[in-house]
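Here is what each chain is made of, one letter per residue.
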Amino acid sequence: MTPAEVLRLCRENDVKAVDLRFVDLLGTWHHTTIPVKKLDEDVFEDGLGFDGSSIRGWQAINESDMLMIPQADTAFVDPFTELPTLNLICNIQDPITGEDYSRDPRHVATKAANYLTATGIADVAYFGPEAEFFIFDDVRYKQSANEAFFALDSIEADWNTGRNEAPNLANKIRQKGGYFPVPPTDHLMDVRNQMMRTMIKCGLDVECQHHEVGTAGQSEIDLKYDQLVTMADQVMIYKYIVRNVAQANNKTATFMPKPIYGENGSGMHIHLSLWKGDEPLFAGTGYAGLSDTALHAIGGILKHAGALLAFTNPTINSYKRLVPGYEAPVNLAYSQRNRSAACRIPVYSNSPKSKRIEFRCPDPSSNPYLAFAAILMAAIDGIQNKISPGDPVDTDIYALECDEQNQIQQTPASLEQSLAALQADHDFLLRDEVFTQDVIDTWIDYKMVQEVQAIQLRPHPYEFSLYYDC
């Protein structure tokens with residue numbers, strides 16, 4: 001879509017306002033809204049100014065002026081606003097140099113896609129994320145000097161089988177029993193259908209929706225794969241729609257990886273394939289029908305997994321999901337069909353076009369632009385340096401004897417360990433300045449101070465159960 005076509009879209013839909021959106025370093029959308037008459041073709045070139053010092057991880061106050069540059073091909077009509085509104089995703093530029101801003105995650109993702117083309121390895125990388133989330137009926141939490149708690153509730157939760165609901169109609173979902181039940185046990189069929197229809201209306205290509213394993217409303221809606229930057233844009237739209245449809249139904253949705261103790265966490269398994277022209281580069285005659293290119297890509301992802309997780313699993317809470325036994329892949333191995341390995345090769349189809357690898361560690365708290373870019377850079381490094389992934393592991397890793405399990409390297413056990421891995425291993429991300437040293441340093445500093453150290457300083461409610469009477 002061109003700027004002229006965007007303006008025509010505004011006229012055809014009687015648009016009254018234009019919402020300009022961009023993503024901060026951590027992956028949250030921000031926006032400002034202008035009257036539609038203020039949008040002309042010059043805005044797509046010149047942009048609009050804003051204060052970058054108020055955005056997490058961005059400019060200092062003495063360098064705060066930034067520009068939002070709307071991208072015409074991201075336009076979609078907002079399905080939630082009362083006033084007819086068109087949404088546009090923006091790139092960020094420095095107003096003095098006119099250069100794209102190095103800490104703009106969308107710019108990082110664009111550079112990663114361009115670097116792939118420049119290497120000659122492939123023309124395009126396709127990403128297909130499977131983002132899971134929880135839909136709750138009530139959420140309360142508080143953190144202060146003298147009080148800390150959270151409380152979650154869901155009409156379908158296993159813990160509500162005995163609640164006086166006047167009447168309680170049962171049909172609750174057992175713990176870890178939420179995979180594919182039909183209504184009335186699945187209480188959220190209509191809500192997810194509304195989410196699905198809204199996504200389609202906004203231009204997303206939805207493949208399916210279903211209840212996930214967890215009780216208390218765990219859900220998943222899958223999108224068809226697309227190119228790196230486009231897919232990251234779609235993940236942001238996906239999250240926006242999920243949250244707003246839930247809100248419209250007097251519910252609330254979260255992409256927090258592990259909101260419920262003892263229950264499956266929410267992951268975002270990421271499928272990756274590389275193509276050159278019409279040729280799927282991951283199809284071959286090797287293990288699980290893979291090419292050497294695919295195996296080397298797996299080798300790169302496994303080698304750099306510790307550093308990758310700093311972007312793909314970027315929260316303290318992420319590592320409460322990454323524990324054995326919850327279908328969370330902590331084992332840095334690869335296998336066909338095997339969901340206990342970090343890299344899985346789906347074998348639903350024998351078609352070369354369907355050949356891909358699935359990286360199962362990531363979760364939906366990640367910034368999709370940075371997560372996808374980092375994964376691609378690790379895969380490229382593996383291909384360029386012909387990194388072997390080792391032998392596949394086709395058995396249930398969780399069922400192996402301890403000495404056998406100990407031979408398989410595992411993911412970092414905490415965000416602090418992932419950040420240390422990123423600090424020690426990030427040269428592969430700096431190629432062609434896809435990630436800059438400034439982005440790496442800012443990410444590590446922000447996460448350590450604002451999250452790791454912030455949690456370390458605060459008593460945890462469970463500590464009172466353990467230690468109050470010591």
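To keep things clear, this report deals only with the structure shown in the data block. (Residues numbered from 1 in each chain as written. Predicted model: local features only at pLDDT ≥ 70, side-chain atom pairs only at ≥ 80, totals over all residues. Heavy atoms only, no water.)

Before going further, it helps to examine the overall build of the protein chain. Broken down by element type, the protein chain carries 13 helices and 18 strands. By the compact-globule yardstick of 23 Å for 470 residues, the protein chain fits well, its C-alpha radius of gyration being 23 Å. Within the protein chain, the fraction of its 470 residues that count as buried is 54%. Sequence-distant contacts, at least 24 apart, represent 68% of the contacts inside the protein chain between residues at least 6 apart. Surface exposure of the protein chain reaches about 21600 Å², of which carbon and sulfur atoms provide 48%. If you average the places of the 39 positive and of the 64 negative side-chain charges in the protein chain, the two averages end up 5 Å apart. (Helix = DSSP H or I, 4+ residues; strand = E, 2+ residues; numbered from the N terminus. Rg over C-alpha atoms; globule rule 2.2 N^0.38 Å. Buried < 20%, exposed > 50% of the residue type's maximum accessible area, 1.4 Å probe, protein only. Contact = heavy atoms within 4.5 Å. Areas by Shrake-Rupley, 256 points an atom, 1.4 Å probe, with all protein chains shown as cover. Lys, Arg positive; Asp, Glu negative; His and termini not counted. Charge placed at Lys NZ, Arg CZ, Asp CG, Glu CD.)

Another aspect to go through is the packing of helix α3 (residues 105-119) against helix α5 (residues 228-248). At their nearest, the axes of α3 and α5 sit 8 Å apart, and the two run at 150 degrees to each other. The angle between α3 and α5 places the two elements in the roughly antiparallel class. Together, Arg106, Ala109, Thr110 and Ala112 of α3 and Leu228, Val229 and Asp233 of α5 make up the contact between the two elements. In the contact of α3 with α5, the residues fall into four nonpolar, one polar and two charged. (Axes fitted to C-alpha atoms, helices over the stretch in contact; angles between N-to-C directions. Parallel < 35°, antiparallel > 145°, perpendicular 65-115°, else oblique. Nonpolar A, V, L, I, M, F, W, Y, C, P; charged D, E, K, R; others polar.)

Our focus in this paragraph is the packing of aromatic side chains. In total, this model carries 18 aromatic pairs according to the counting rule given. Note on Phe50 and Trp58: the rings are 6.3 Å apart at their centroids and 50 degrees apart in plane angle, and the pair reads as tilted. Grouping residues by exposure puts Phe50 and Trp58 together as buried. Ring geometry for Phe80 versus Tyr240: centroids 5.5 Å apart, planes at 75 degrees, classification edge-to-face. In this pair, Phe80 is assigned in the loop between β5 (76-77) and β6 (85-93) and Tyr240 in helix α5, connecting sequence segments 160 residues apart. (Phe/Tyr/Trp six-rings, centres within 6.5 Å; stacked < 30°, edge-to-face > 60°.)

Okay, the pairing of strand β2 (residues 29-35) next. Remark: a regular strand shows side chains that alternate across the two faces of the sheet. Direction of pairing for strand β1 (residues 17-23) relative to β2: antiparallel, over a ladder of seven bridges. Following the sheet pairing, Leu20 is matched in β2 by Thr32. (Pairing = 2+ DSSP bridges.)

All right, on to helix α7 (residues 305-312) then. The buried fraction of α7 is high, at eight of eight residues. Within the sequence span of α7, burial applies to Ala305, Gly306, Ala307, Leu308, Leu309, Ala310, Phe311 and Thr312.

The next thing to look at is the side chain of Ser418. The residue Ser418 is located in helix α11 (residues 415-424) in this model. Residue class for Ser418 comes out buried when judged on its relative accessible area of 0%. Residues contacting Ser418, with those up to four places away along its chain left out, are Gly306, Ala307, Leu309, Ala310, Tyr319 and Pro412.

Across the nine residues that make up strand β14 (residues 268-276), a large majority, eight, are buried. Pairing between strand β7 (residues 124-136) and β14: eight bridges, direction antiparallel. Note that in β14 the partner of Pro129 across the bridge is Ile270. Sheet topology note: the β14/strand β18 (residues 357-359) ladder contains three bridges and is antiparallel. Each bridged residue has a counterpart across the sheet, and for Leu272 the counterpart in β18 is Ile357.

Within the structure shown, the criterion is met by 18 salt bridges. The salt bridge involving Arg8 is made with Glu12; its shortest N-O contact spans 3.7 Å. Taken together, the positions of Arg8 and Glu12, both in helix α1 (residues 3-12) and four residues apart, correspond to about one turn of that helix. Between Glu165 and Lys172 there is a salt bridge, and its shortest N-O distance comes to 3.1 Å. Sharing partners across several salt bridges, the network here consists of Asp153, Arg163, Glu165 and Lys172. (Salt bridge = Lys/Arg side-chain N within 4 Å of Asp/Glu carboxyl O.)

Quick look at the environment of Arg140 now. Within the secondary structure layout, Arg140 lies in strand β8 (residues 138-143). What makes Arg140 partly exposed here is its relative accessible area of 45%. In this structure, the C-alpha to C-alpha distance between Arg140 and Ala151, residues eleven residues apart in sequence, is 5.1 Å. When sequence neighbours within four positions are dropped, the list of residues in contact with Arg140 reads Phe149, Phe150 and Ala151. There is a polar contact of 3.3 Å between the side chain of Arg140 and the side chain of Asp138. (Polar contact = N/O pair within 3.5 Å; in protein donor to acceptor, adjacent residues only side chain to side chain.)

The contact between α3 and helix α9 (residues 368-384) brings their axes to 8 Å, and the two run at 20 degrees. Taken together, α3 and α9 sit at an angle that is classed as roughly parallel. Helix-helix and strand crossings are classified by hand; for α3 and α9 the assignment is left-handed. Of the residues in α9, those touching α3 at Pro105, Arg106, Val108, Ala109, Ala112, Ala113, Tyr115, Leu116 and Thr119 are Tyr369, Leu370, Ala373, Leu376, Met377, Ile380 and Gln384. Residues that form the contact of α3 with α9 fall into these classes: 13 nonpolar, two polar and one charged. (Left-handed = near helix turned anticlockwise from the far one by under 90°.)

Take a negative patch on the surface next. Together, Asp40, Glu41, Asp42, Glu45 and Asp46 line one region of the surface with negative charge. By the secondary structure assignment, Asp42 is in the loop between β2 and α2 (43-46). (Patch = residues over 30% accessible without salt bridge, like charges linked within 9 Å, V, L, I, M, F, W, Y side chains within 5 Å.)

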